[in-house]
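Chains, contacts and geometry: an overview
Chain by chain, the residues run as shown.
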Amino acid sequence: MSIEIIIKPLSEDEVRQAYELETRCYPADQAASLEAFRYRQSAFPDYFLSAWQGEGLIGLVCGVRTDAADCTDIGIKQRHGGRIDGSKLCILSVAVHPEYRAKGLGRRLLQNIVSAAKGNGLSAVMLMSQRELVPWYESGGFEATGIVHSEHGGVDWHDMVKRLNG
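Let's shift gears to the packing of helix α1 (residues 15–25) against helix α2 (residues 34–43). Where α1 meets α2, the closest approach of the two axes is 9 Å, and the angle between their N-to-C directions is 130 degrees. The orientation of α1 with respect to α2, classified from their angle, is oblique. Considering only the axes of α1 and α2, their crossing is right-handed. The segment α1 lies against α2, with V15, R16, A18, Y19 and E22 engaging L34, F37, R38 and Q41. Along the lines of polarity and charge, the residues of the contact of α1 with α2 split into five nonpolar, one polar and three charged.

Considering all chains together, one arrives at one disulfide under this definition. One disulfide bridge connects C71 with C90, the sulfur atoms lying 2.0 Å from each other. Disulfide C71-C90: torsion about the S-S bond near 140 degrees, hence right-handed. Of this pair, C71 sits in the loop between β3 (56–66) and α3 (74–77) while C90 sits in strand β4 (residues 88–96), and the two are 19 residues apart along the sequence. For the pair C71 and C90, one class covers both residues: buried. No disulfide involves C62; its sulfur sits 9.7 Å from the nearest other cysteine sulfur, which is in C90.

One finds L89, I91, I113, V125 and F142 to be the most contacted residues of the largest nonpolar core, which totals 27 residues. Secondary-structure elements contributing two or more residues to this core are α2, β2 (48–53), β3, β4, α4 (105–119), β5 (124–130) and α5 (134–139). It is α4 that provides the largest number of residues to this core, a total of six residues. Discounting residues that sit within four places of it in the chain, V125 has contacts with L89, I91, V114, A117, F142, M160, V161, K162 and L164.

Calculation notes
Residues numbered from 1 in each chain as written. Predicted model: local features only at pLDDT ≥ 70, side-chain atom pairs only at ≥ 80, totals over all residues. Heavy atoms only, no water. Axes fitted to C-alpha atoms, helices over the stretch in contact; angles between N-to-C directions. Helix = DSSP H or I, 4+ residues; strand = E, 2+ residues; numbered from the N terminus. Parallel < 35°, antiparallel > 145°, perpendicular 65-115°, else oblique. Left-handed = near helix turned anticlockwise from the far one by under 90°. Contact = heavy atoms within 4.5 Å. Nonpolar A, V, L, I, M, F, W, Y, C, P; charged D, E, K, R; others polar. Disulfide = S-S within 2.5 Å. Buried < 20%, exposed > 50% of the residue type's maximum accessible area, 1.4 Å probe, protein only. Core = buried A, V, L, I, M, F, W, Y, C linked by side-chain atoms within 4.5 Å.

Structure representation (structure tokens):
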């Protein structure tokens, strides 16, 4: 008997668990801070989704609304980035517990947050991907813009975008 995976908005009480998953999935210089997660959950609760199996948090996706041209806007990555009325969504984290990777959970989380953005009338969803994940995001309908940044965690980050509503 398999246990159902539930995807739902992250509650304020669950932010610490999300942060612990983030730090398990990303190196320290790439992971978001607990303070950043608290801000994202409180300011953009529709865009902080969590995946649960039983009582365990096994995945998350979060982002902020923005009017920035891409996700490199320094304010987005900081504690108080984004605009409540922004016309686009910048996904800042997709994290799946190592035991649940390559089973479709990341794709489900991504589809859910894109659906939320589309349902709220946003024009695009943007993100920055590590090179090896670009094909995975492309298979989900994102397009590489050709822009690469390297100022975060010593990694080359590739801008990607999925246009919505038109």
